[in-house]
Amino acid sequence: GISDLITSVPLGSRDGPLLVPRVKVNLPNTKMAAARCAVQKFGVLQALYRPFAATTASRACPHKPHGEFFEYINVKKAGERRNVGLIELNRPKALNALCDGLMSEVHTAVENFEADGDVGCIVLTGAGEKAFAAGADIKEMSGRSFQEVYAQNFPTNWSRMSESSKPIIAAVNGFALGGGCELAMMCDIIYAGEKARFGQPEITLGIIPGAGGTQRLVRAVGKSVAMEMVLTGNPITAQQALQAGLVSKVFPPDQVVGEAIKTAEKIAGLSKLVVAM
C-alpha cells in the first residue's frame, strides 16, 4: 500500500528549484524505484494510478536507450558512429559496490544493447578513478542466509555478462576486487589504468569467490598465481595483471575508457555475425 508520508523534493528548472511531491511507497525495491520516477515525472495523482513498471529507478539516466530509467548505472551510445554501448557503474560513494539493484540494471542494459542492431560492442566501466567495483555489497548480503541467496537465484544477473553475444570490454580504473574482479573477468577484454588493482579478498571474510573467480581466474593467470591471490587475498597491480595475462593493455587512468571505446568501435565495424560466433 501507499503510506501517508509525503515529502517535497527539489528539482531544477529554468526558473530555479521546483518543489515536487515525493511519495514513499512500501513496495519491493524495483517497484518503489519506478514509483519514485513516476511521481517526479507525472505528479502524485497520476503516479497513484499508473501501473508500476518493473524497472529500477529513482532518477533518470541522462541517456535512456529504449526508454529505460536507471538508478545505479549510466548508459549511452559512444563512438563516432554511435555503435558502442557504454555502461558506467555509478555508485562512486560506495566504490561502485555491486548491489542487487545495480546488477539487475546491468543485466537490463546488456539486453537492451543486445537487441540494438546499431551496437556491435559494449564497454563496461566504473564512475571515478578510485574503483571499477570494490566487490559485492557486503552490507546488503550480510543479513542473508545461504538458503535465501540460493532461492533468489543470485547468479542470474551476474551471468548475463558472460552470455552476451556482443563482445564486452572492461575499462578498469582503481579497485576491481572480489565481485568487481569477477565482473571484469566476465568481459571478453580487460583494459586497465596504471593504478588499477585486481584481487579476490573473500578469504579475509571467511568466504570464497562466488561469481566465477575460482574458475575464470585460473584460466586467466594460471593455477599458481590464482591460488596465491585467492588464498592470501592479496591484490595484484595493473602491470602484474598484464604480465599474468589478466588484462590486455595498461593506460594512464584518464585514457582507459577512451582507448576501450576505440577498440570497441573497431570491433563494431566488423562482421557482427562472425564476431558473435
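So, here is what we can say about the structure in this document. Note that the structure is a prediction, hence the values are computed from the model and not measured.

What follows covers the overall build of the protein chain. When helices and strands are counted, the protein chain shows 12 helices and 12 strands. Put simply, of all contacts in the protein chain between residues at least 6 apart along the chain, 62% involve residues at least 24 apart. Of the accessible surface of the protein chain, which amounts to about 14500 Å², a share of 55% is contributed by carbon and sulfur atoms.

This part takes up the environment of Glu-88. Of note, Glu-88 is situated in strand β4 (residues 84-89). Glu-88 gets classed as partly exposed once you look at its relative accessible area, which sits at 24%. A C-alpha to C-alpha distance of 5.1 Å links Glu-88 and Gly-126, two positions 38 residues apart in sequence. The contact partners of Glu-88, leaving out residues within four places of it in the chain, are Tyr-72, Ile-73, Asn-74, Thr-125, Gly-126 and Ala-127.

What follows covers the sheet that holds strand β10 (residues 197-199). Pairing is mixed across the open sheet formed by 4 strands, whose spatial order is β6-β8-β10-β11. Of all strands in the sheet, those with a lone pairing partner are β6 (131-133) and β11 (236-237), marking the two edges. Of the strand pairs in this sheet, β10 and β11 are connected by 2 bridges, and their pairing is antiparallel. Residue pairing in the sheet places Arg-197 in a bridge with Thr-237 of β11. Helix-sheet contacts for helix α7 (residues 179-186) involve β6, β8 (175-177) and β10, and the interaxial angle to β8 is about 95°.

Along helix α8 (residues 213-221), the residues classified as buried are Gly-213, Leu-217 and Val-221. In an axial view of α8, the angular spread of the buried residues amounts to 20°, which keeps them on one side of the axis. Structurally, α8 contributes buried residues whose contacts are with α7, α9 (223-232) and α10 (238-244).

To continue, consider the side chain of Thr-125. One can find Thr-125 in strand β5 (residues 121-126). Judged by its relative accessible area of 5%, Thr-125 is buried. A distance of 2.9 Å separates the side chain of Thr-125 from the backbone oxygen of Ala-171, its partner in a polar contact. The contact partners of Thr-125, leaving out residues within four places of it in the chain, are Leu-86, Ile-87, Glu-88, Leu-89, Phe-132, Ala-171 and Val-257.

Per the stated rule, a full pass over the model turns up 2 salt bridges. Notably, a salt bridge pairs Asp-116 with Lys-77, separated by 2.7 Å at the nearest N-O pair. Residue Asp-116 is located in the loop between α3 (100-115) and β5, and its partner Lys-77 is located in strand β3 (residues 73-78); the two are separated by 39 residues in the primary sequence. Judged by relative accessible area, which is 8%, Asp-116 ranks as buried. The exposure class of Lys-77 is partly exposed, given its relative accessible area of 24%. Glu-259 is the partner of Lys-262 in a salt bridge, and the nearest nitrogen-oxygen pair spans 3.6 Å. Placement of both Lys-262 and Glu-259 in helix α11 (residues 256-268) is noted, with a separation of 3 residues, approximately one turn of the helix. Under the relative-accessibility criterion, Glu-259 is labelled partly exposed at 21%.

Rules used in this analysis
For every chain, the first residue of the written sequence is number 1, and numbering continues from 1 onward in sequence order. Local features are withheld for residues below a pLDDT of 70 in this predicted model, meaning they are given only at 70 or higher, and side-chain atom pairs are given and counted only at 80 or more; totals for whole chains, interfaces and linings count all residues. By convention in this description, side-chain values take in all heavy atoms of the structure and omit both hydrogens and water. Only runs of H or I of at least four residues qualify as helices and only runs of E of at least two qualify as strands under DSSP, and these elements are numbered from the N terminus. Note on contacts: a residue pair is in contact if any heavy atoms of the two residues lie within 4.5 Å. To be clear on the numbers: accessible area is Shrake-Rupley with a 1.4 Å probe, and residue cover counts the displayed protein chains and nothing else. Burial classes follow relative accessibility: with a 1.4 Å probe on protein chains only, a residue under 20% of its type's maximum area counts as buried, one over 50% as exposed, and anything between as partly exposed. Two strands are counted as paired when DSSP detects at least two bridges linking them. Axis definition: a line fitted to C-alpha atoms, limited for helices to the stretch in contact. Angles are taken between N-to-C directions and run from 0 to 180 degrees. Within this analysis, the arc is defined by the directions that extend from the helix axis to the C-beta atoms. What qualifies as a polar contact is a pair of N or O atoms within 3.5 Å, subject to a donor-acceptor requirement within protein and to the restriction that residues adjacent in sequence count only when both atoms come from side chains. For this document, the term salt bridge refers to a Lys or Arg side-chain nitrogen within 4 Å of an Asp or Glu carboxyl oxygen.

Function cannot be read off these values alone, since they describe shape.
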